[in-house]
Amino acid sequence: MTEIPNMVPVIPEIFVAVIGMALLMLGVFQKAADDATEVKTAHLVSRLGMISLVLTMMLVATVAGSTFNTFSGMFVSDPFAVYFKILILFASALTLAISHNYMENQGIARFEYTVLVIFATLGMMIMISASNLMSLYLGLEMQSLSLYVIATFNRDDERSTEAGLKYFVLGAVASGMLLYGSSLVYGFSGTTDFQMLGNMFDGDHAPDASLGLIVGIVFILAGLSFKVSAVPFHMWTPDVYEGAPTPVTAFFSVGPKIAAIALFIRVMVGPFGDLVQHWQQIIVLISVASMLLGAFAAINQTNIKRMMAYSSIGHVGYALIGLVVANEAGVRGIMIYMAVYLFMNIGAFACILTMRRAGRMVEKISDLSGLSKTHPMVAAALAIFMFSMAGIPPLAGFFSKLYIFFAAVESGFFALAIIGVLSSVVGAFYYLRIIKVVYFDPPDETLDTPIDRNLGYVIFGTALIVVLFFAFPGIIIDGASAAAAAMFTK
Amino acid sequence: MIIQGLTFYMFAFIAIAAGVMVVSAKNPVHSVLFLILAFFNSAGLFVLMGAEFLAMLLVVVYVGAVAVLFMFVVMMLDINFVELRQGFLKYLPVGAVAGLVLVVELIVVVGGWHLSPEALKTAASPIPENVTNTHALGAIIYTDYIFLFQAAGMVLLIAMIGAIVLTHRKRSGVKKQRIADQLARKPEDTLEIIDVESGRGI
Amino acid sequence: MITTAVFLPLIAAIIAGAMAFTNTGDDKAKKARLDMMAQYVTCGGLLLSAIFAIVIFKDVALGGNAQTVQLFSWIESGSLNISWALRVDSLTAVMMIVVTVVSAMVHVYSIGYMSHDPDVPRFMAYLSLFTFFMLMLVTADNLVQMFFGWEGVGLSSYLLIGFWYNKPSANAAAIKAFVVNRVGDFGFALGIFTVFMMFDSVNLDEIFTAVPMKANDTISVFGGQFHGLTVACLLLFVGAMGKSAQLGLHTWLPDAMEGPTPVSALIHAATMVTAGVFMVARLSPLFEYSEVALSVVTIVGGSTAIFAATIACTQTDIKRVIAYSTCSQLGYMFFACGVSAYSAGIFHLMTHGFFKALLFLGAGSVIHAMSDEQDMRKMGGIRKMIPVTYALMWVGSLALAGIWPFAGFYSKDIILEAAWGAHTLTGGYAFWMGILAAFLTAFYSWRVILMTFHGESRADERVLAHVHESPKVMLVPLIVLAAGALFAGYIGYESFVGQKGVEFWGSAILVLDSHQALEAAHHAPFWVKYLPLGVGVAGIGLAYVLYMWKPAIPALIVDQIRPLYTFVHNKWYFDEAYDFLFVKPAFYIGRNLWKTGDGALIDGLGPDGLSAVTLNLAKRVARLQSGYLYHYVFAMLGGIIVLITMYMLLGG
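A few points on the structure. Just so it is clear, the model here is predicted, and its values are computed rather than measured. (Residues numbered from 1 in each chain as written. Chains lettered and ligands numbered in written order. Predicted model: local features only at pLDDT ≥ 70, side-chain atom pairs only at ≥ 80, totals over all residues. Heavy atoms only, no water.)

## Observations concerning the overall build of chain A
- For chain A, the helix and strand inventory stands at 19 helices and four strands.
- Counting only residues that meet the buried cut, chain A has 66% of its 490 residues in that class.
- Within chain A, contacts between residues separated by at least 24 positions form 82% of all contacts whose residues are at least 6 apart in sequence.
- Carbon together with sulfur atoms contributes 67% to the accessible area of chain A, which is approximately 15,600 Å² in total. (Helix = DSSP H or I, 4+ residues; strand = E, 2+ residues; numbered from the N terminus. Buried < 20%, exposed > 50% of the residue type's maximum accessible area, 1.4 Å probe, protein only. Contact = heavy atoms within 4.5 Å. Areas by Shrake-Rupley, 256 points an atom, 1.4 Å probe, with all protein chains shown as cover.)

In structure tokens, the structure reads:
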């Protein structure tokens, strides 16, 4: 008789899966002939989805504090996982909050959207809790598959279809790389379990790592880099961000990115932590390239979604500095960075979602001109987000960069910190340009008022977090510190 | 032992050659046929390793279902493959160089093949005796690997939802059989009994 | 309870602020309703907070139950650990009472005073916000949190001075206040750095326990070795000078009178400007170990006391006179601290808070009655028309002049006695300056009363026709404050500076055994005890002679000493000197840097040079993004090849 595995730590995942399926059933059985009821159903499912994501957050919080390893080592739940899961759930819930209005306006309000976002969330949660290369891959694939579909969700729109297709094909290539790397690792070590890998290559045994294993790690790195859209695996990002429906883009820029960064840390610091000198240089290269490309390529963009794509590439570059450092301070820096990034990015996208002229969405940067006159509050919030992304004190974005750069300087990576600071100066250029357009350019045509109420709430809430972070950083920083510490106690 | 070795190299070589042909064949139908060949040879490799269940799975699922589906798609879609291949020669040198570098590197990797003693220990979990392949797989897939099994199930569900979301369209004017409606019909609703006097009609 | 008391004003400010942002359009009734709600919320919050403060005072100061409430951690970086915490001991409890009570009164008063203003919610929100920052300042348990409150009150002060932002002079005054304070804050910040450098901590408790061990440490500044504590204390004192408008950094305070009068009463008389005194008292364990710093504090305080008093005698704007008077009184508090009689300084701070707020609000009441006229030369003879205000101004002035039994008598006397009791050169200097200033104080106080309320009216007919007593909502706060001005001195004397002093203050204030000025003050000879009262009465008498009975004499005197008068009347030419020394050169340097430095050098390299390169680069990078799928795949493959190759060549 086999023992029944400990189910307690997996309860949140089970809950999400069950909710996803239940909402699917609800939607299918509610689905009626005419469009109005379809929209209504979509709305109901979206609401329920949001509520259950918040409930999941509470469930996740109940397993916080201790470390569980279950399902014969396939699944781990530790403070690190809890921290990132909560971020992910925030990302998904906020995405649902800002989606519905857009979807309805575009005539694509269908309940499957919510279901797919929830399944993507499930995939990300599994990724974050993965402690085996196999569960890692399954989580990743579950997430990616949902994302491919929602990128194409506006299936009658050419750009949306193209975005989905590109993402799918390139994602498949990346998955192939990841799998190839996993197979190399398995071939050279005989196991896919993180803990066993970690024991196999800890301190004394680090020299045992053969070239093949390292090449395997590099392939895994490449696959993960694709998911966080780090240079040179970033090429899909601008096209997909531009083409996908805007709320989906918002989701892409936070959820999957945060999950993949978590996975990055989990894989690199966990099983391969003692091989750090082997992979450090590679991450340095990826990080520097991402920071520079993010800074330079964004300058010439005229489409704000494309600009945000490059901005997100740059942000990943900064976050990866923390991984280069590969100690507790560095990981803590990443965790703080991602939390702050989540809120300012969702907020910025919520602002972008308010850009509508005569009922149609517009997304050129120049369309923002005169926003300060027509939507003073949105303009102020957008300015806050842009200042924060540019890293201007005392906003949250400044502190998150500070923690990362501090960690780098403390460990002697001066060059990296200097490149980071310089590229953030270049980056400030395009963030400030938005503010300039918003406040100083004369409006040619005004945008529609009033804005959707949900968007207003999200913008207000996230702006508040970004502004007040400096006064109450404890909530995020304490969580990050505990989680980072958990990652380094063996 | 020798026979085993020879068979291995035969299967392996044919599989790789077929793989090359899949990419380079001019006619897409040929490509699919080569793909089937590659599948068969991989199945042979599985048999050599004693994994007969996986070998059968490969033949049944990949050859029987996937490849045939490919064949249908290739033959039904009207794609101009000549146009698709236009850039082929232009990009060949660059691609070849990149491929060459990768091959060389992988050869170096394989050349430096050495396993850590720990790794050997873990890898050498023997195939249990007196247990069939199917049985062994079943024994772990629902116990140790239940998590992965369930997760894979979710992935498939998502794939299904995705396919429906992206392709299913409501069509108006299609008549469908509604069994519930049919069962709910009562004689009173549809049947009227009228006395007809002879010779007068209704 | 402590947390509630501190955060209530913040909550009130947020609510009122939200109302200020609410767009009511042309709906007058809705706007009136909103205004009223904002007033109720903020006044209610403050009154509650004041009641809590009194309860806390009873518990902490009278019950000897000092405590620290930890809220949560703020900054953790290396050995720098800063958390939000509310430290409440006797000193804080006293400050909390002054702040919340005066603030509550000013809030209530503002309901009447600002009744015609279109921006009531904004005003109330600013006031409450200020109160919150002030409470943060006085409850700080580390220097950085204190700095947070310090900057916060500076910000609120800026907002409130510039409240009527359509008035250019108000804007200029707001900026001036902000900039001059920046000089002081810079000193404060440097002081914090120095302290952190010496003690490796900014936490007050940790610093205070470590002080005796580091008493003789030296630090090197610009290559020279200096006594560490002296450097730290002097830098911190620069901060205090800025906030408390001491000689040299005082120029912003009179200009700050551009703000609404309740603001002047709350911020520029009773609370914010006393922050410097509070800081010196709070850091008494540091200052005690540096004789030099104490001497500097004494001299600056004494000089300010006399200097500001002379100017006050020549000003004609009623609020400016009181502003200079504030400056002068702050000087008293500082030299009290300088001779180690911190408790006397704080005692005067408290009594002064009451009677100066009373004077300001009274002046506000006068201004309100005179249709916003502030020039005393255009007033006169209105005592019959606004009798209550007149009486209350008398109470305030008597307290200010230090006439028995008003509050000022007790607190000012003990300060002067302590200065005498210090038996040092600086103490003596401060004592005589203080006596002289006391004389002038009485004189200009009655000059105000006589010019405003007595004699022939010099206002024009239309204004006079409208003179009216203020509504009850303005008078009640005045009466409450007048009660404070009457009784606070008598009630507080024993506990603050008398026999019960040691027990009352507990560990909040440290005085070394070698500094026993306060003890000596109680044994001062007869003439020291009664001289202040004597000169006070003499000052009042002189004012009566000059402005009541022989009104021709002042002009004669002025003619006799024309150069001196001009000098004093122009505020010792401080503004002109600063303008010449700092502002003009700064503009000059700025213009030059802009034209040559920025225009030619930085623009040449930056926007026109470097940024052109950047833009060029950006164009190229963007071109990489072709949109073709196979380009992207190839980039990925190329990427991984590069990575592996790099690893094989470098890493392996």
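Alright, that's what it looks like, and here's the rest.
## Looking at the packing of helix 3 (residues 79–106) of chain A against helix 19 (residues 474–488) of chain A
Residue and element names in this part refer to chain A.
- Between helix 3 and helix 19, whose axes approach to 7 Å, the crossing angle comes to 140°. Of the possible angle classes, the one that applies to helix 3 and helix 19 is oblique. Here Pro79, Phe80 and Tyr83 of helix 3 lie close against helix 19, whose contacting residues are Ile476, Gly479, Ala480, Ala482, Ala483, Ala486 and Met487.
- Looking at the contact of helix 3 with helix 19 residue by residue, the classes come out as nine nonpolar, one polar and no charged. (Axes fitted to C-alpha atoms, helices over the stretch in contact; angles between N-to-C directions. Parallel < 35°, antiparallel > 145°, perpendicular 65-115°, else oblique. Nonpolar A, V, L, I, M, F, W, Y, C, P; charged D, E, K, R; others polar.)

## Things to note about the interface of chain A and chain B
- Contact residues are listed per partner, giving 42 residues for chain A and 34 residues for chain B.
- Three residues stand out in chain A for area buried against chain B, namely Leu138, Arg155 and Phe188 of chain A, and they jointly supply 18% of the buried area on that side.
- At the boundary of chain A with chain B, the tally comes to zero salt bridges.
- Counting across the interface, chain A meets chain B through five residue pairs in polar contact (both at pLDDT 80 or more).
- For the side of chain A that touches chain B, the elements supplying multiple residues, two or more each, are helix 1 (11–30), helix 4 (111–129), helix 5 (133–151), helix 6 (158–189), helix 7 (194–200) and helix 8 (211–228) of chain A. (Buried area = accessible area lost by both parts, 1.4 Å probe. Salt bridge = Lys/Arg side-chain N within 4 Å of Asp/Glu carboxyl O. Polar contact = N/O pair within 3.5 Å; in protein donor to acceptor, adjacent residues only side chain to side chain.)

## A word on the pattern of salt bridges
- Applying the stated criterion across every chain yields a total of 23 salt bridges over all chains.
- Overlapping salt bridges bring together Arg159, Glu162, Lys166, Asp239, Glu242, Lys305, Arg306 and Glu363 of chain A as one network.

## So, the interface of chain C and chain B
- Each partner contributes to the interface: chain C provides seven residues, whereas chain B provides nine residues.
- Broken down residue by residue, the surface that chain C buries against chain B is led by Phe634, Ile641 and Met648 of chain C, which jointly contribute 64%.
- At the boundary of chain C and chain B, one finds zero salt bridges.
- Connecting chain C to chain B are one residue pair in polar contact (both at pLDDT 80 or more).
- Considered class by class, the residues forming the side of chain C that touches chain B number five nonpolar, two polar and no charged.

## Description of the layout of surface pockets
- Roughly 1,900 Å³ of internal volume is contained in the second largest pocket.
- Lining the second largest pocket we find 44 residues, and of these Phe460, Leu464 and Val467 of chain A together with Ile14 and Phe21 of chain C sit closest to its centre.
- Listed by contribution, the elements that provide at least two residues to the lining of the second largest pocket are helix 15 (376–390) and helix 18 (453–468) of chain A together with helix 1 (2–21), strand 1 (67–77), helix 4 (120–139) and helix 5 (143–161) of chain C.
- For the lining of the second largest pocket, the element with the most residues is helix 1 of chain C, which contributes eight residues.
- Looking at side-chain class alone, the lining of the second largest pocket contains 38 nonpolar, five polar and one charged residues. (1 Å grid on protein atoms, 1.4 Å probe; cavity = no way out; pocket = protein on both sides within 12 Å on 5 of 7 lines; lining within 4 Å. Points joined across faces, edges and corners; volume = space filled by probe spheres on them.)

## With respect to a nonpolar patch on the surface
- On the surface, a cluster of nonpolar side chains totalling about 700 Å² of accessible area is made up of Val68, Leu69, Phe70, Phe72, Val73, Met76 and Leu77 of chain B.
- Mapped onto the elements, Phe70 of chain B comes out in helix 3 (residues 52–76). (Patch = residues over 30% accessible without salt bridge, like charges linked within 9 Å, V, L, I, M, F, W, Y side chains within 5 Å.)

## Here we look at the environment of Pro5 of chain A
Residue and element names in this part refer to chain A.
- Looking at the element boundaries, Pro5 is found in the segment before helix 1.
- Residue Pro5 is classed as partly exposed on the basis of its relative accessible area of 26%.
- Placed 67 residues apart in sequence, Pro5 and Ser72 show a C-alpha to C-alpha distance of 7.7 Å.
- In this structure Pro5 touches Thr70 and Phe71, once residues within four positions along its chain are discounted.

## Section: the packing of aromatic side chains
- Applying the stated rule across the entire model yields 53 aromatic pairs over all chains.
- Of the aromatic side chains, those joined through ring pairs into one cluster are Phe57, Phe347, Phe409, Tyr410, Tyr490, Tyr493, Phe496, Phe504 and Trp505 of chain C.
- Its guanidinium or amino end placed over the ring of Tyr318 of chain A, Lys401 of chain A lies 4.7 Å from that ring's centre, counting from NZ or CZ.
- The ring of Phe178 of chain C has Arg182 of chain C lying over it, and the distance from NZ or CZ to the ring centre is 4.5 Å. (Phe/Tyr/Trp six-rings, centres within 6.5 Å; stacked < 30°, edge-to-face > 60°. Lys NZ or Arg CZ within 6 Å of the ring centre and 35° of its normal.)

## Regarding unusual backbone geometry
- The linkage connecting Pro393 of chain A with the following residue, Pro394 of chain A, adopts the cis geometry, with an omega of 5°.
- Along the polypeptide, Pro394 of chain A turns up in the loop between helix 15 and helix 16 (396–410).
- Here the amide bond leading from Trp404 of chain C into Pro405 of chain C is cis, since omega sits at 0°, within 30 degrees of zero.
- Assignment of secondary structure puts Pro405 of chain C in the loop between helix 16 (387–401) and helix 17 (407–421).
- The residue Ser229 of chain A is not glycine, and still its phi comes out positive at about 55°.
- Relative to the helices and strands, Ser229 of chain A is located in the loop between helix 8 and helix 9 (236–243).
- Here the phi dihedral of Ala245 of chain C falls at roughly 55°; this positive angle occurs in a residue that is not glycine.
- Within the fold, Ala245 of chain C resides in the loop between helix 8 (228–243) and helix 9 (252–255).

## Remarks on the packing of helix 12 (residues 304–325) of chain A against helix 13 (residues 328–353) of chain A
Residues and elements named next belong to chain A.
- Packing of helix 12 against helix 13 brings their axes to within 8 Å, and their N-to-C directions diverge by 170°. When the axis of helix 12 is compared with that of helix 13, the two are roughly antiparallel. Contacts from Ile304, Lys305, Met308, Ser312, His315, Tyr318, Ala319, Gly322, Leu323 and Val325 of helix 12 reach helix 13 at Gly330, Val331, Ile334, Tyr337, Met338, Tyr341, Met344, Asn345, Ala348, Phe349 and Ile352.

In short, shape yes, function no, at least from these values alone.
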